[in-house]
Every structure is written in C-alpha cells, then in structure tokens.
Amino acid sequence: MPKHSHVRDAVALMLLAERKRRKITQKELANRLGWDANSLWKLERFERGVQVTELYEFAIALGIEPSKLFADAVATIEAEISKSK
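Residues numbered from 1 in each chain as written. Predicted model: local features only at pLDDT ≥ 70, side-chain atom pairs only at ≥ 80, totals over all residues. Heavy atoms only, no water.

Some details on the overall build of the chain
- Along its length, the chain carries five helices and zero strands.
- Written out in order from the N terminus, the α and β elements of the chain read α-α-α-α-α.
- For the chain, the C-alpha atoms occupy an extent of roughly 40 × 25 × 20 Å along the three principal directions.
- Relative to all contacts within the chain whose residues are 6 or more apart in sequence, the contacts with residues 24 or more apart total 55%.
- Surface summary for the chain: the accessible area is close to 5,400 Å², and the carbon and sulfur share equals 56%. (Helix = DSSP H or I, 4+ residues; strand = E, 2+ residues; numbered from the N terminus. Contact = heavy atoms within 4.5 Å. Areas by Shrake-Rupley, 256 points an atom, 1.4 Å probe, with all protein chains shown as cover.)

The structure is reproduced here in structure tokens:
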C-alpha cells in the first residue's frame, strides 16, 4: 500500500459522508460529476484517490462551497498525518 494511503482513504471517507449526509445516491452523484458509477464506487471503496481538481467538482456536485470542502479536506489530511506521527 502507498505510504499515505490512509490520508487518501480519509478524504474519500469524508466525501462519502458528505454524499450520505445530503441523501444523494451514488448514481446521482456520479451523474452530477459526469463520472461513470464505477469510478465513484472505486473512490468510496478506497481503490482510487481524488485529485485536487476533482475536489472542486465534488463541492459543486454536492452543493457545498468549494472553500469549505477544501478546508474540510485539509483538516482531514492534517488529522490523519498527526495520527501517523
């Protein structure tokens, strides 16, 4: 497993929680993102990471202010890195 896979997984888990909090199905979010459902499935199962540009797309698709989602992602990453020290 890559050195920082726990960080990648924590961000994916944060995005999954946001999707569920807003009661958006996987299929609906994939459509909003312009992704196939399999790509979103892989992200939510920690088989792929999310790129910074994709975080912006997630914010728009989830109806979240992009700056809030980026701040939440940074806080998640910092917390995961702190745990691993």
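Description of unusual backbone geometry
- Its identity is not glycine, yet Lys23 carries a phi of approximately 55°, on the positive side.
- Looking at the secondary structure, you find Lys23 in the loop between helix 1 (5-21) and helix 2 (26-33).
- Residue class for Lys23 comes out exposed when judged on its relative accessible area of 74%.
- Despite not being glycine, Phe46 shows a phi value in the positive range, around 65°.
- Structurally, Phe46 can be placed in the loop between helix 3 (37-44) and helix 4 (52-62). (Buried < 20%, exposed > 50% of the residue type's maximum accessible area, 1.4 Å probe, protein only.)

Focus on the packing of helix 2 against helix 3
- With their axes 9 Å apart at the nearest point, helix 2 and helix 3 run at an angle of 115° to one another. Accordingly, the angle class assigned to the pair helix 2 and helix 3 is roughly perpendicular. At the point where helix 2 passes helix 3, the crossing takes the right-handed sense. Residues Gln26, Leu29 and Ala30 of helix 2 pack against Ala37, Leu40, Trp41 and Glu44 of helix 3. (Axes fitted to C-alpha atoms, helices over the stretch in contact; angles between N-to-C directions. Parallel < 35°, antiparallel > 145°, perpendicular 65-115°, else oblique. Left-handed = near helix turned anticlockwise from the far one by under 90°.)

Thoughts on the nonpolar core
- Among the nonpolar cores identified, the biggest contains 19 residues, and Leu15, Leu29, Leu40, Leu43, Phe58 and Leu69 are the most heavily contacted of them.
- Counting residues per element, the ones that place at least two in this core are helix 1, helix 2, helix 3, helix 4 and helix 5 (66-83).
- Here the element with the most residues in this core is helix 4; it accounts for five residues.
- Ignoring anything within four residues of it in the chain, the contact list for Leu29 reads Arg19, Ile24, Leu40, Phe58, Ala61 and Leu62. (Core = buried A, V, L, I, M, F, W, Y, C linked by side-chain atoms within 4.5 Å.)

Focus on the packing of aromatic side chains
- The full count for this structure, using the stated rule, is one aromatic pair.
- Arranged with centres 5.4 Å apart and planes meeting at 85°, the rings of Trp35 and Phe58 form a pair that is edge-to-face. A residue pair is termed long-range when its members are at least 10 positions apart, and Trp35 in the loop between helix 2 and helix 3 and Phe58 in helix 4 qualify at 23 residues.
- Under the relative-accessibility criterion, Phe58 is labelled buried at 0%. (Phe/Tyr/Trp six-rings, centres within 6.5 Å; stacked < 30°, edge-to-face > 60°.)

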